[in-house]
Amino acid sequence: MAGNDLGSLLGGLLGGSGQSGGQGGAGNVLGALLGALGSGQGGTGGGNALEGLIGMLTRSGLVDQAQSWVGTGENQAVSGAQIAEALPDETLRKVARESGVSTEQAADQIARSLPTAVDRLTPSGEVPEGRSIEDLVREQQL
């Protein structure tokens, strides 16, 4: 699935289009990110993009934040700078390019929307294994 199609699904999951004006909506940025990770970019290895992203954040020192998003308690905040450090430079550049925003804007939008998206994609408090992001998003649509 193309990143903008996934972006539309994620925009709906986030409570609307997630647009902050133009093409730079949160759903589009997350769609581009998960699309890049799901296509094997960014060194996530096997599994779905959500599993890879959680693993990447955990390895980057954001274990408490990532676990709070997956878990059923309150979501901890993360900054754009922390996201920029956690993601491979090439992946963040690709996400920014596909979303029509700067790398800093992409990291900031990811930081604002990722906690909610992960929380909603993991309602049972754990990352579903072996299922595509598209399937997870569709299952959570109300």
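Look a little higher up for the structure.
Everything numeric here is computed off the predicted structure, so don't read it as measured data.

Draft legend 1. Quick look at helix 6 (residues 89-99). Of the residues making up helix 6, those classed as buried are Thr91, Leu92, Lys94, Val95, Ala96 and Ser99. Just downstream of helix 6 lies Gly100, where phi reads positive at about 75 degrees.

Draft legend 2. Structural view of the packing of helix 3 (residues 49-59) against helix 4 (residues 63-70). With their axes 7 Å apart at the nearest point, helix 3 and helix 4 run at an angle of 145 degrees to one another. Residues Ile54, Leu57 and Thr58 of helix 3 pack against Val63, Ala66, Trp69 and Val70 of helix 4. Of the residues assigned to the contact of helix 3 with helix 4, the class counts are 6 nonpolar, 1 polar and no charged.

Draft legend 3. Summary view of the packing of helix 6 against helix 7 (residues 103-121). For the pair helix 6 and helix 7, interaxial distance at closest approach is 8 Å and the crossing angle is 95 degrees. When the interaxial angle is binned, helix 6 and helix 7 end up roughly perpendicular. Contacts between helix 6 and helix 7 involve Leu92, Arg93, Val95 and Ala96 from the former and Thr103, Ala106, Ala107 and Ile110 from the latter. Each residue belonging to the contact of helix 6 with helix 7 can be placed in one class, and the counts come to 6 nonpolar, 1 polar and 1 charged.

Draft legend 4. Representation of the nonpolar core. Residues Leu50, Leu53, Leu57, Ile83, Leu87, Ile110 and Leu114 are the most contacted members of the largest nonpolar core, which totals 36 residues. Broken down by secondary-structure element, the contributors of at least two residues to this core are helix 2 (26-38), helix 3, helix 4, helix 5 (80-86), helix 6, helix 7 and helix 8 (133-140). Looking at this core, the element that brings in the most residues is helix 7, giving 8 residues. Filtering out sequence-adjacent residues up to four positions away, Leu87 remains in contact with Leu33, Leu53, Met56, Leu92 and Ile110.

Draft legend 5. Here's a closer look at the pattern of salt bridges. Per the counting criterion, the structure on display carries 1 salt bridge. For the salt bridge of Lys94 with Glu98, the shortest nitrogen-to-oxygen distance reads 3.4 Å. Of this pair, Lys94 and Glu98 both sit in helix 6, 4 residues apart, roughly one helical turn.

About the criteria used
- Position numbers for residues count from 1 along each chain, tracking the sequence in the order it is written.
- Where local features are concerned, this predicted model is filtered to residues with pLDDT of at least 70; where side-chain atom pairs are given and counted, the filter is 80 or more; whole-chain, interface and lining totals use all residues.
- Heavy atoms throughout the structure, all of them, feed into the side-chain values; hydrogens and water do not.
- For each residue, the accessible area found with a 1.4 Å probe, counting protein chains only, is set against the maximum for its type, and the residue is called buried under 20%, exposed over 50%, and partly exposed in between.
- Helix and strand labels come from DSSP, where a helix needs a run of H or I of at least four residues and a strand needs a run of E of at least two; each type is numbered from the N terminus.
- All axes here are fitted lines through C-alpha atoms, helices being fitted over the stretch that makes contact, and every angle between N-to-C directions spans 0 to 180 degrees.
- By the convention used here, residues are in contact when the closest approach between their heavy atoms is within 4.5 Å.
- All residues other than Ala, Val, Leu, Ile, Met, Phe, Trp, Tyr, Cys, Pro, Asp, Glu, Lys and Arg, Gly among them, are scored as polar; the first ten of these are nonpolar and the last four charged.
- Between 65 and 115 degrees an angle is taken as roughly perpendicular, under 35 as roughly parallel, over 145 as roughly antiparallel, and anywhere else as oblique.
- In this text, buried Ala, Val, Leu, Ile, Met, Phe, Trp, Tyr and Cys residues form a nonpolar core when linked through side-chain atoms within 4.5 Å.
- A pairing counts as a salt bridge when a side-chain nitrogen of Lys or Arg comes within 4 Å of a carboxyl oxygen of Asp or Glu.

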